[in-house]
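# Reading the structure
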Amino acid sequence: MEELTSKLLYCTGMINLIRWFSNAGYDDYRKRVITRSAFVYLDSFFIFAPQIKNSLEKRDINVKTIHEKIGKIRDEYEAFHSKIRDKLTAHRQDLPIIETFEVWNEIDLTTLDYFITEVSDIYNLLHALKREEVPEYSDFPITKLNVAPASQPIAEAPNISSDNLALTRENTVSFIPCNAFQRRGSQINSIIDTVYYLGTLFPEKKYGNDIERLIKSMIIVDVINMLDNLYPFTPPNPAHKIDSFLEILENDIPVAHKVLKNFSDKRDLELEDKIRQVRNKICAHVDTDESLESILATLDEISIDDLNKIFMPAVNAFYSSCSSDFRTRMLLMNKMNLGPDVIGVEDTGFIKDFDK
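I will try to describe carefully the structure that is included in this document. Quantities reported herein were computed from a predicted structural model and do not represent experimental measurements. All residue numbers here refer to positions counted from 1 along the written sequence of the relevant chain. Given that the model is predicted, a residue must reach a pLDDT of at least 70 before its local features are reported, and side-chain atom pairs must reach 80 or more before they are shown or counted; all residues, however, enter totals for whole chains, interfaces and linings. As a rule here, side-chain values come from all non-hydrogen atoms in the structure, and water together with hydrogens is ignored.

### Side note on the packing of helix α7 (residues 180-201) against helix α8 (residues 209-230)
To obtain an axis, a line is fitted to C-alpha atoms, over the contacting stretch when the element is a helix, and the angle between two such axes runs from 0 to 180 degrees between their N-to-C directions. For the purposes of this entry, the term helix denotes a DSSP run of H or I that reaches at least four residues, the term strand denotes a run of E that reaches at least two, and both are numbered from the N terminus. Between α7 and α8, the shortest axis-to-axis distance is 9 Å and the interhelical angle comes to 160°. Between α7 and α8, the crossing angle belongs to the class labelled roughly antiparallel. Crossing of α7 against α8: the hand is left-handed. Listed contacts from α8 to Arg-184, Gln-187, Ile-188, Ile-191, Ile-192, Thr-194, Val-195, Leu-198, Gly-199 and Leu-201 of α7 are Ile-215, Met-218, Ile-219, Asp-222, Val-223, Asn-225, Met-226, Asn-229 and Leu-230. A class-by-class count of the residues in the contact of α7 with α8 yields twelve nonpolar, five polar and two charged. Just so you know how the angles are binned, under 35 degrees is roughly parallel, over 145 roughly antiparallel, 65 to 115 roughly perpendicular, and the rest oblique. For any helix crossing, the convention is left-handed if the near helix is rotated counterclockwise from the far helix by under a right angle, and right-handed if that rotation is clockwise. By definition, residues are in contact when any of their heavy atoms lie within 4.5 Å. As a working rule, the residues Ala, Val, Leu, Ile, Met, Phe, Trp, Tyr, Cys and Pro are called nonpolar, Asp, Glu, Lys and Arg charged, and the rest polar, with Gly in that last group.

### Details of the sheet that holds strand β1 (residues 159-160)
When DSSP finds at least two bridges between two strands, those strands are taken to pair. An order of β2-β1-β3 is seen for the three strands of this open sheet, with the pairing classed as mixed. Each edge of the open sheet carries a strand with a single partner, namely β2 (172-173) and β3 (336-337). Sheet topology note: the β1/β3 ladder contains two bridges and is antiparallel. When the bridges of β3 are listed, Ile-160 appears paired with Met-336.

### Notes on helix α6 (residues 109-129)
In a helix, the anticipated span is given by 1.5 Å times the number of residues less one. Given a rise of 1.5 Å per residue, 21 residues ought to cover 30 Å, and the 30 Å separating the end C-alpha atoms of α6 matches this to within 8%. Residues of α6 that are buried: Leu-109, Thr-111, Leu-112, Phe-115, Ile-116, Glu-118, Val-119, Ser-120, Ile-122, Tyr-123, Leu-126 and His-127. You can read the cap of α6 off the contacts: a side-chain oxygen lies 3.3 Å from the backbone nitrogen of Thr-110, and it is on Asp-108. Exposure classes here rest on a 1.4 Å probe applied to the protein chains alone. A residue is buried below 20% of its type maximum, exposed above 50%, and partly exposed in between. Nitrogen and oxygen atoms within 3.5 Å of one another constitute a polar contact, given that in protein one can donate a hydrogen and the other can accept it, and given that sequence-neighbouring residues count only through two side-chain atoms.

So, in structure tokens, the structure goes:
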């Protein structure tokens, strides 16, 4: 029971920490890059909360209340919001392009606050019934500080980008992917963009372990997503297998495939596997078997240098393969200024305010 409650407390705390940290995002898009990870911990919350609830006296009216609240919020999560975790966070997998925008834009303050309120209510009800075993909730200490963007960036000039979330950003135009290599390539570009941004948020040691663990977990998830979209990988559930960029190029663009294959042959598979194991146990899931203390220790052991040793070669491999054929060069158009004659971009209808 002690491990269950510590993991439930950890998930509850991380969801609230992400809510606090959302203010570090300086625009709607970047706030979503940060807060999508709340749905990873929400998913794990639904594993641990029912197990603790099932240990209580089922005839107690308060237990019935908890049972009903868990069922209601879990149903709402699984009906739609699980796609945020499954397709845009823990994995980066294909959705129809319009649905991608709809799911992405569902990440907002209203949705986040609703789930936080429900999660907090469930946790507090469990604490009220099992005070000796379920500790009182308290936020991570860092949330007592104010967080804001480090600096207010200059408004982005009208630009063209080729990631699959580009059209959800202001002053950005893009193309609609119409074949397999464009879909996979635009997904990879989106992953690169999110990792680069999250890297700018990585804190100094003085800010403590909690926020460092949060940001590092986010980066680890997308580093593995980069590998899974770039190179062949068969997950434990084969139904979740996607065609990698390398596999698509083999049939469609042989020259680019050869370039990417040369990079693939030089991968550090041992380090990749080490990072993937950490991803599986504490970043994209919270492991149900190992102790929280031990899996957090494995997260702490991973350094940003370790992640760069995996991520940067993958980025270089992708860019080099795209450069080798005129059909894939369009995937290199990222944040390219449209020139002085373009003063604005028409609203596509895919841009949504995060705070409303």
